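Residue strings, one per chain:
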Amino acid sequence: MANTQGISRGQFLAGALALGAAGAPLPSGQAAARPRTADGCHGPRHRGLRRHGVVYTVGEGETPATAWNPRRMRADLRAVRDELHADTVDVTGDGVDRLTATAAEAAELGLHIWLQPTLADVPERDILEHLAETGRFAERLRRQGASVDFSVGCEFWLFVPGIVPGATVLDRVQNLLDGTFDPVRMQRRLDAFTKKAAALGRSVFLGNLSYAAAQDDEVDWNLFDIVGIDYYSYFHQPADYVRELRRYERWGKPVTITEFGTCAYKGAEKTAGMGWNVVDYDKDPQEIKGHLIRSEHTQAAYVVSLLEVFESMDLYGAMAFEFVTPDAPHRADDPRHDLDMASYAITKTVKERPGDPSSPWRWEPKEAFRALARRYARVCS
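Presented here is a report on the structure given in the accompanying data block. (Residues numbered from 1 in each chain as written. Predicted model: local features only at pLDDT ≥ 70, side-chain atom pairs only at ≥ 80, totals over all residues. Heavy atoms only, no water.)

1. A short note on the overall build of the protein
Note the following rule: Secondary structure follows DSSP: runs of H or I at least 4 residues long count as helices, runs of E at least 2 residues long count as strands, and numbering of each begins at the N terminus. Each residue is assigned to one of three classes by its accessible area relative to the maximum for its type, calculated with a 1.4 Å probe on protein chains only: buried under 20%, partly exposed between the two thresholds, exposed over 50%. Should any heavy atoms of two residues lie within 4.5 Å, those residues are considered in contact. Using a 1.4 Å probe, accessible areas were evaluated by the Shrake-Rupley method; residue-level cover was limited to the displayed protein chains.
For the protein, the helix and strand inventory stands at 10 helices and 12 strands. In the protein, which comprises 381 residues, the proportion classed as buried is 56%. For the protein, the share of sequence-separated contacts (at least 6 apart) that also reach a separation of at least 24 residues comes to 71%. Surface summary for the protein: the accessible area is close to 16,400 Å², and the carbon and sulfur share equals 52%.

Shown next, in the form of structure tokens:
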């Protein structure tokens, strides 16, 4: 999807300069010395989270209508800054052109960038090459004054073939659920790939390096500057969250919650990150299993309760998962096909023609979006 026009702002945002000559200036509007926060404040912050963010996934989409495109991406990032009042965006997914274009736009908007490539289900060498190209661009942004941290990936046992048996992500999830894997071999292979990815990340990026681990993963955090955790626990009492999260502080490094959230149905918050697994993917069209009750309030209450815990612990940052999931549309008229119930997105995808894969669509804020926006707007003094 790279822009093929001449060297211009458009080409820059399409990622075409990712491997070009070092030292090209950021687009106009980037405040390098004092980056503007989401609500326009340049002053000191209250104690609490340093970074308040959201995950923004780039990808090809299941259909051309839901695929990443630069026009929609630019509008979405402005909404992240101006409507959600986030100061950070976790740019993740695959496709170096999509990742770099989105990161460059975020830099222009003055957002802090957490850049995280997550190429899946391809040979290891391809994943590492994808990581290196993205990391080089992250370093370019950093040298040009952007505020950026680089994550070498997410839950490698899930995305990288060969650590857990299975040709695809879903195959590996099923093998984990069924127990059809060797945990000792899995850990050995996970350690080896994580070490390799960290070394490669260091070779191309000189800023803060991290990785997004599942909360029960064993990771040598000596390899990284920031501890990154995808966090989906459920407790009745805030003190129990604090007790569980304290173990990540023993490394003496900043802790970032690289994902947190839940789905929009009653009981979703208790699923420990498996809330998405209520869709029958073998049906055409896909449908919700059982008789779930849609509840945006469940999602909103959970994300706010976790955010309060993270703020109380003065963690480095937290990124709600996720901004939008175009391939899980909302169906107010048909609960059985309301795939948005099984989405972690804080917005709902609404199609002009429900059921038509080629239909134009828009997103609308869910209760979780509005609840986070109120909290994020209070970041500045």
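There's more to say after this.
2. Observations concerning the pattern of salt bridges
Note the following rule: The working definition used for a salt bridge is a side-chain nitrogen of Lys or Arg within 4 Å of a carboxyl oxygen of Asp or Glu.
For the structure on display, the rule yields 24 salt bridges. In this structure, R246 and E249 form a salt bridge, with 2.8 Å as the shortest nitrogen-oxygen distance. Judged by relative accessible area, E249 falls into the partly exposed class, the value being 27%. If you follow the salt bridges from partner to partner, you end up with R294, E296, D338, D340, K348 and K366 in one network.

3. Concerning the packing of aromatic side chains
For the record, the criterion: Ring pairs are drawn from Phe, Tyr and Trp, using the six-membered ring of Trp, whenever the two centres fall within 6.5 Å, and their geometry is named by plane angle: stacked under 30 degrees, edge-to-face over 60, tilted for the rest.
All chains considered together, the criterion is met by 16 aromatic pairs. When the ring of F150 is compared with that of F205, the centres are 5.6 Å apart and the planes differ by 50 degrees; the resulting orientation is tilted. Within this pair, whereas F150 is found in strand β4 (residues 148-154), its partner F205 is found in the loop between α7 (183-204) and β5 (209-214), the two being separated by 55 residues in sequence. Both residues of the pair, F150 and F205, belong to the buried class. Summarising the aromatic geometry, the rings of F235 and Y241 are spaced 5.2 Å apart at their centres and angled 80 degrees between planes, so their arrangement reads as edge-to-face. A relative accessible area of 28% means that F235 is categorised as partly exposed.

4. Description of the pairing of strand β2 (residues 88-93)
Cut-off, in case you're wondering: Any two strands with at least two DSSP-identified bridges between them are counted as paired. Here is how to tell: hold the view so the strands point away, follow the path from the first strand over the helix to the second, and if it runs clockwise the crossover is right-handed.
Among the six residues that make up β2, six are buried, leaving the element largely enclosed by the rest of the structure. Side-chain alternation along β2 places T88, D90 and T92 on one buried face and V89, V91 and G93 on a second face that is also buried. Two strands pair when backbone bridges link them, and strand β1 (residues 51-58) and β2 are joined in this way by six bridges, in the parallel orientation. Note that in β2 the partner of G53 across the bridge is T88. Note that the unit made of β1, helix α2 (residues 70-82) and β2 has a crossover that is right-handed. As judged from the six bridges shared by β2 and strand β3 (residues 112-117), these two strands associate in the parallel manner. In the strand pairing of β3, G93 is matched with P117. Handedness of the crossover is the feature at issue here: the chain leaves β2, passes through helix α3 (residues 96-108), returns alongside β3, and the resulting connection is right-handed.

5. Brief notes about the sheet that holds strand β7 (residues 255-260)
The cut-off we apply is this: Interaxial angles span 0 to 180 degrees and are taken between N-to-C directions of axes, which are lines fitted to C-alpha atoms, for helices over the stretch in contact.
Strand order in the closed barrel made by the eight strands is β1-β2-β3-β4-β5-β6-β7-β10, with parallel pairing throughout. Within the sheet, the average angular offset between the axes of one strand and its neighbour, ignoring direction, is 25 degrees. The pairing of β4 with β5 spans three bridges and is parallel. Among the inter-strand pairings, S151 is bridged to a residue of β5, identified as S210.

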